[in-house]
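# Results of the structural survey
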Amino acid sequence: MATAQRTTISISKDYLHFSAAHFTVFSATERENLHGHNFFVEAEASGEIGDDGLCFDYNALKQLLKELCDQLDETTLLPARSPHLDIEESGSRITVRFGDERLEFLPRDVTLLEVRNVTVEELAHWFLRQLRAREEFERLPIDEITLRASSGPGQWASAEWSSRRGDPCGRP
């Protein structure tokens, strides 16, 4: 019996990006000023090559990643799990308290993320969790994937999952 061939497909497209505002929280008393980035996302997915010469439909993976980028585009990203921020949602405002500071946003301008801080490290894992939670992803015969997030040239973080090594990221 022949050993199945494996491959890794890299996805890096100009349209896999989003523009968003954020601030990084360094401690209970120190944070960055609110500012924005043009973030980029890339993926490397691996699996066995099928009898048809294909590993998986990578257009489906690109579409899922684009939908996630579009979800974050042109919003202010806030970390819902930050131990240093108190975030209150009312009908017409989202109020963020940091120490004695108070920032107010319109709900339409904010995306609350289930992360501790809005950093490329956390964004890489957020993308991986969101992707793996999608039914469309589960149908793809991918057994390993690495997601990378960038806040600018030369600043990347990655998150990895392998069905062969378990699930370090967990499910959302």
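Residues numbered from 1 in each chain as written. Predicted model: local features only at pLDDT ≥ 70, side-chain atom pairs only at ≥ 80, totals over all residues. Heavy atoms only, no water.

## Remarks on the overall build of the protein chain
Secondary structure summary: the protein chain contains 3 helices and 10 strands in total. The N-to-C order of helical and strand elements in the protein chain reads β-β-β-α-β-β-β-β-β-α-α-β-β. Dimensions along the principal axes, computed over C-alpha positions, put the protein chain at roughly 70 × 35 × 30 Å. Residues counted as buried form 42% of the 172 residues belonging to the protein chain. Taking contacts inside the protein chain between residues at least 6 apart in sequence as the whole, the part at least 24 apart equals 63%. Approximately 9,600 Å² of the protein chain is accessible, and the part contributed by carbon and sulfur atoms is 44%. Distance between charge centres in the protein chain, computed from 19 positive and 30 negative side chains, equals 1 Å. (Helix = DSSP H or I, 4+ residues; strand = E, 2+ residues; numbered from the N terminus. Buried < 20%, exposed > 50% of the residue type's maximum accessible area, 1.4 Å probe, protein only. Contact = heavy atoms within 4.5 Å. Areas by Shrake-Rupley, 256 points an atom, 1.4 Å probe, with all protein chains shown as cover. Lys, Arg positive; Asp, Glu negative; His and termini not counted. Charge placed at Lys NZ, Arg CZ, Asp CG, Glu CD.)

## Considerations on the sheet that holds strand β7 (residues 101-105)
Picture the strands of a sheet paired through backbone hydrogen bonds; they go either parallel or antiparallel. Read from one edge to the other, the open sheet built from 3 strands follows the order β5-β6-β7, with strand pairing classed as antiparallel. At either margin of the open sheet sits one strand with a lone partner, and together these are β5 (86-89) and β7. On average, each strand axis in the sheet is tilted by 20° relative to the strand beside it, whichever way the strands run. Bridging between strand β6 (residues 94-98) and β7 involves 5 bridges; their strand directions are antiparallel. Paired with I94 across the bridge in β7 is F105. (Pairing = 2+ DSSP bridges. Axes fitted to C-alpha atoms, helices over the stretch in contact; angles between N-to-C directions.)

## Section: the pattern of salt bridges
Inspection of the entire model under this criterion finds 13 salt bridges. The salt bridge partner of R116 is E122, with a shortest N-O separation of 3.0 Å. In this structure, the salt-bridge partner of E135 is R139, at a minimum N-O distance of 3.0 Å. With respect to burial, E135 and R139 carry one shared label: exposed. Here the salt bridges do not stand alone but share partners, grouping R6, D143 and E144 into one network. (Salt bridge = Lys/Arg side-chain N within 4 Å of Asp/Glu carboxyl O.)

## Focus on the confidence of the model for the protein chain
Detailed reading of the predicted model is not advised wherever pLDDT is low. Of the residues in the protein chain, 94% have a pLDDT of 70 or more, and the chain-wide mean is 93. This model gives residues 168-172 a pLDDT under 50, and the stretch forms 13 contacts once residues within four places in sequence are excluded. (pLDDT = per-residue confidence, 0-100.)

## A closer look at the side chain of T24
As for its position among the elements, T24 is in the loop between β2 (17-22) and β3 (35-48). Beyond its immediate stretch of four places on either side in the chain, T24 contacts R31, E32, N117, V118 and T119.

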